[in-house]
Amino acid sequence: DTGVSQNPRHKITKRGQNVTFRCDPISEHNRLYWYRQTLGQGPEFLTYFQNEAQLEKSRLLSDRFSAERPKGSFSTLEIQRTEQGDSAMYLCASSLVSGDSGANVLTFGAGSRLTVL
Amino acid sequence: AQSVTQPDIHITVSEGASLELRCNYSYGATPYLFWYVQSPGQGLQLLLKYFSGDTLVQGIKGFEAEFKRSQSSFNLRKPSVHWSDAAEYFCAVVPYNFNKFYFGSGTKLNVKP
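Here's a quick rundown of the structure. Only a predicted model underlies this, so the values are computations on that prediction, with no experimental measurement involved.

### Topic: the overall build of chain B
No. 1: Check the secondary structure of chain B and you find 0 helices and 12 strands.
No. 2: At 13 Å, chain B has a C-alpha radius of gyration in line with the 13 Å of a compact globule built from 113 residues.
No. 3: With respect to the principal axes defined by its C-alpha atoms, chain B has extents near 45 × 30 × 20 Å.
No. 4: Out of the 113 residues belonging to chain B, those deemed buried represent 47%.
No. 5: In chain B, 53% of the contacts between residues at least 6 apart in sequence involve partners at least 24 apart.
No. 6: For chain B, the exposed surface amounts to about 5400 Å²; the carbon and sulfur share of it is 48%.
No. 7: Taking the average place of the 10 positive charges on the side chains of chain B and the average place of its 8 negative ones, the gap between the two points comes to 5 Å.

### Regarding the pairing of strand E5 (residues 44-50) of chain A
Residue and element names in this part refer to chain A.
No. 1: Of all 7 residues making up E5, 6 are buried, and the element is well covered by its neighbours.
No. 2: As paired elements, strand E4 (residues 31-37) and E5 share 6 bridges and run antiparallel to each other. Paired with tryptophan 34 across the two strands is threonine 47, which belongs to E5.
No. 3: Between E4 and E5, which pair antiparallel in sequence order, lie 6 residues; one of them, glycine 40, sits at a positive phi of approximately 80°.
No. 4: Hairpin connection from E5 to strand E6 (residues 53-57): 2 residues lie between these consecutive antiparallel strands, with asparagine 51 at a positive phi of about 55°.

### Quick look at the interface of chain A and chain B
Accessible area lost upon the coming together of the parts is a frequently used measure of interface size.
No. 1: Counting residues at the interface gives 23 residues for chain A and 20 residues for chain B.
No. 2: A combined buried area of about 1700 Å² lies between chain A and chain B, and 57% of that area is made up of carbon and sulfur atoms.
No. 3: In this assembly, chain A and chain B are joined by 1 salt bridge.
No. 4: On inspection of chain A and its partner chain B, the count reaches 8 residue pairs in polar contact (both at pLDDT 80 or more).
No. 5: Listed by contribution, the elements that provide at least two residues to the side of chain A that touches chain B are E4 and E5 of chain A.
No. 6: Considering every element that reaches the side of chain A that touches chain B, the biggest residue donor is E4(A), with 4 residues.

### Considerations on the sheet that holds strand E7 (residues 65-68) of chain A
Residue and element names in this part refer to chain A.
No. 1: Strands sit in the order E1-E3-E8-E7 across an open sheet of 4 strands; the sheet is antiparallel. Single-partner strands in this sheet number two, and they are strand E1 (5-7) and E7. Each adjacent strand pair in this sheet contributes to an overall mean axis angle of 15°, direction not counted.
No. 2: Sheet topology note: the E7/strand E8 (residues 75-79) ladder contains 4 bridges and is antiparallel. If you follow alanine 67 over to E8, its bridge partner there is leucine 77.

### What about the pairing of strand E9 (residues 73-78) of chain B?
Residues and elements named next belong to chain B.
No. 1: The buried count for E9 comes to 5 of 6 residues, which makes it a mostly enclosed element.
No. 2: As paired elements, strand E8 (residues 64-68) and E9 share 5 bridges and run antiparallel to each other. Note on E9: the bridge partner recorded for glutamate 66 is asparagine 75.
No. 3: Where E8 folds back onto E9 in an antiparallel hairpin, the turn is made up of 4 residues, including serine 72, whose phi is positive at roughly 50°.

### Notes on the side chain of B:Gln38
No. 1: Among the secondary structure elements, B:Gln38 is positioned in strand E5 (residues 32-38).
No. 2: A distance of 3.1 Å separates a polar atom in the side chain of B:Gln38 from a polar atom in the side chain of A:Gln37.
No. 3: Sequence-distant contacts of B:Gln38, that is, excluding residues within four places in its chain, are made with A:Gln37, B:Gly43, B:Leu44, B:Ala87, B:Glu88 and B:Phe90.

Rules and cut-offs
- Counting restarts for each chain, with residues numbered from 1 along the sequence as it is written.
- Here every chain gets a letter starting at A, and every ligand a number starting at 1, in the order they are written.
- In keeping with the predicted nature of the model, local features appear solely for residues at pLDDT of at least 70, side-chain atom pairs appear and are counted solely at 80 or more, and the whole-chain, interface and lining totals rest on all residues.
- Water and hydrogen atoms were dropped before computing side-chain values, which therefore reflect all heavy atoms in the structure.
- Secondary structure elements follow DSSP: runs of H or I of four or more residues count as helices, runs of E of two or more count as strands, with numbering from the N terminus.
- As defined in this context, the radius of gyration uses C-alpha atoms, and a globule is described by 2.2 Å times the residue total to the power 0.38.
- Partly exposed describes any residue whose relative accessible area lies between the buried limit of under 20% and the exposed limit of over 50%, with all areas from a 1.4 Å probe on protein chains only and scaled to the type maximum.
- Contacts between residues were defined by any pair of non-hydrogen atoms, one from each residue, lying within 4.5 Å.
- Note on areas: these come from Shrake-Rupley sampling with a 1.4 Å probe, and a residue is covered only by the protein chains present in the view.
- A residue counts as positive if it is Lys or Arg and as negative if it is Asp or Glu; His and the chain ends are not included.
- Working definition for charges: the position is that of NZ of Lys, CZ of Arg, CG of Asp or CD of Glu.
- Any two strands with at least two DSSP-identified bridges between them are counted as paired.
- Buried surface area refers to the total accessible area, computed with a probe of radius 1.4 Å, that the two partners give up upon joining, counted for both partners together.
- For this analysis, a salt bridge means a side-chain nitrogen from Lys or Arg found within 4 Å of a carboxyl oxygen belonging to Asp or Glu.
- Pairs of N or O atoms are called polar contacts if they sit within 3.5 Å, as long as, within protein, a hydrogen donor faces a hydrogen acceptor (for residues adjacent in sequence, only side-chain-to-side-chain pairs).
- To obtain each axis, a line is fitted to C-alpha atoms, and for helices this fit is confined to the stretch in contact; angles are then taken between N-to-C directions over 0 to 180 degrees.

Set out below in structure tokens:
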């Protein structure tokens, strides 16, 4: 297993364009999280999936943001009509949990850095 | 308000010196507690975790942390720092009966030769 993989690693785009990030979690992991990290800050929760179900979305996730995990494996995070304030590192993490438990350990990918000009 | 606080933004220690990084949280019941480390350009790597039981937990790379319920703290320690420990360290909390991780703002560790 190669761990959590995120693509692309870097994306530079112009304001108003759409971008999509992909996350491939560890294959046996059933839970997948998206976080956003800006310079000098800790990761902020965006959303998470258990299998293919999106169970929670942060209020940070405006209607320009959408995430999917169609078959309970890889996930995509799309940002429409990007704004300069969207510039950040987008982190994906996965974990294996049984039932509805917070006692799980996140394995993070290296992140996708977005720069909006 | 519920929060995770890492009061030290930057810490510089000499190689071979001891290290303590502070973390305080404000959540009702005892949460699940974690320390992660992030090197430049890398994702976060788990150092150690506390779910229950012994309040002194051992982690990788010689790190340990102690949960103190009365102080709502989970401080990270290492007896002798190596130059390769220079990185940013994040405390994280999962409140009981929640499923998402809340992270502190991080402490950047510099190691002097």
